[in-house]
Amino acid sequence: MTPVHHRRLQLKTQLLQQIETLEPEDAILPDEHPAIDQIICELETLNPIDQPLRPEHWPLLLGSWALVYASRGTVVTRRIGRQFPLPVGIQRVWQRLT
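A quick note: this is a predicted structure, and the numbers were derived from the prediction, not measured.

A.B. asks: Can you walk me through the overall build of the protein chain in this structure?
C.D. replies: Broken down by element type, the protein chain carries five helices and zero strands. When the helices and strands of the protein chain are listed from N to C terminus, the series reads α-α-α-α-α. Looking at the protein chain as a whole, 18% of its 98 residues are labelled buried. Of the contacts formed within the protein chain by residues at least 6 apart in sequence, a portion of 67% connects residues at least 24 apart. Accessible surface for the protein chain amounts to roughly 8200 Å². Of this, 58% is attributable to carbon and sulfur atoms.

So, in structure tokens, the structure goes:
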């Protein structure tokens, strides 16, 4: 295992551990989580695929995904925000990408 690969695995583990400590709403609604966002930034710099959204990499993105964290909120949750006058409980967020 290369040092870079080892570091990526270490960061992924740290990321998931920190996200698990958040309530689901805190993980997907826009909020400040600088430690988590720092891990994400470092993982992005260590990505072995130079341009992951190029068409030749699309097969790697196919599948079912679970949203566990949104650093800037998703399209669905961004509109709700923290100032919503009533308590809002979010159980699932569905999004279809084409």
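Past the structure itself, the notes keep going.
A.B. asks: What am I meant to see in a nonpolar patch on the surface here?
C.D. replies: Together, Leu53, Trp58, Leu60, Leu61 and Trp65 make up an exposed nonpolar region whose accessible area comes to about 660 Å². Take Leu61: it is sitting in helix 4 (residues 58-61). Using a relative accessible area of 39% as the deciding quantity, one classes Leu61 as partly exposed.

A.B. asks: Where do I start with the pattern of salt bridges in this structure?
C.D. replies: Note on pairing: side chains with opposite charge can pair once their charged atoms come close. This model, assessed by the stated rule, comprises two salt bridges. Of the charged contacts, one joins Glu56 and Arg54 as a salt bridge, the two residues approaching to 3.0 Å between their closest N and O atoms.

A.B. asks: Would you mind showing me how to read the nonpolar core here?
C.D. replies: The tendency in soluble globular proteins is for nonpolar side chains to be buried as a group. Residues Leu11, Leu15, Ile19, Leu22, Ala27, Ile36, Ile39, Leu43 and Tyr69 constitute the largest nonpolar core, which totals nine residues. Within the residue set of this core, elements represented by two or more residues are helix 1 (3-20) and helix 3 (34-45). The residues touching Ile19, leaving out its near neighbours within four places in the chain, are Ile36, Val68 and Tyr69.

A.B. asks: It is not clear to me how the confidence of the model for the protein chain should be interpreted in this structure. Could you clarify?
C.D. replies: Low-pLDDT portions of the prediction should not be read for the details of their coordinates. For the protein chain, the average pLDDT comes to 80, and 71% of its residues sit at 70 or higher. Least confident of the elements in the protein chain is helix 5 (residues 75-78), whose mean pLDDT is 52; most confident is helix 1, at 95.

Reading the values: rules and limits
- Residues numbered from 1 in each chain as written.
- Predicted model: local features only at pLDDT ≥ 70, side-chain atom pairs only at ≥ 80, totals over all residues.
- Heavy atoms only, no water.
- Helix = DSSP H or I, 4+ residues; strand = E, 2+ residues; numbered from the N terminus.
- Buried < 20%, exposed > 50% of the residue type's maximum accessible area, 1.4 Å probe, protein only.
- Contact = heavy atoms within 4.5 Å.
- Areas by Shrake-Rupley, 256 points an atom, 1.4 Å probe, with all protein chains shown as cover.
- Patch = residues over 30% accessible without salt bridge, like charges linked within 9 Å, V, L, I, M, F, W, Y side chains within 5 Å.
- Salt bridge = Lys/Arg side-chain N within 4 Å of Asp/Glu carboxyl O.
- Core = buried A, V, L, I, M, F, W, Y, C linked by side-chain atoms within 4.5 Å.
- pLDDT = per-residue confidence, 0-100.

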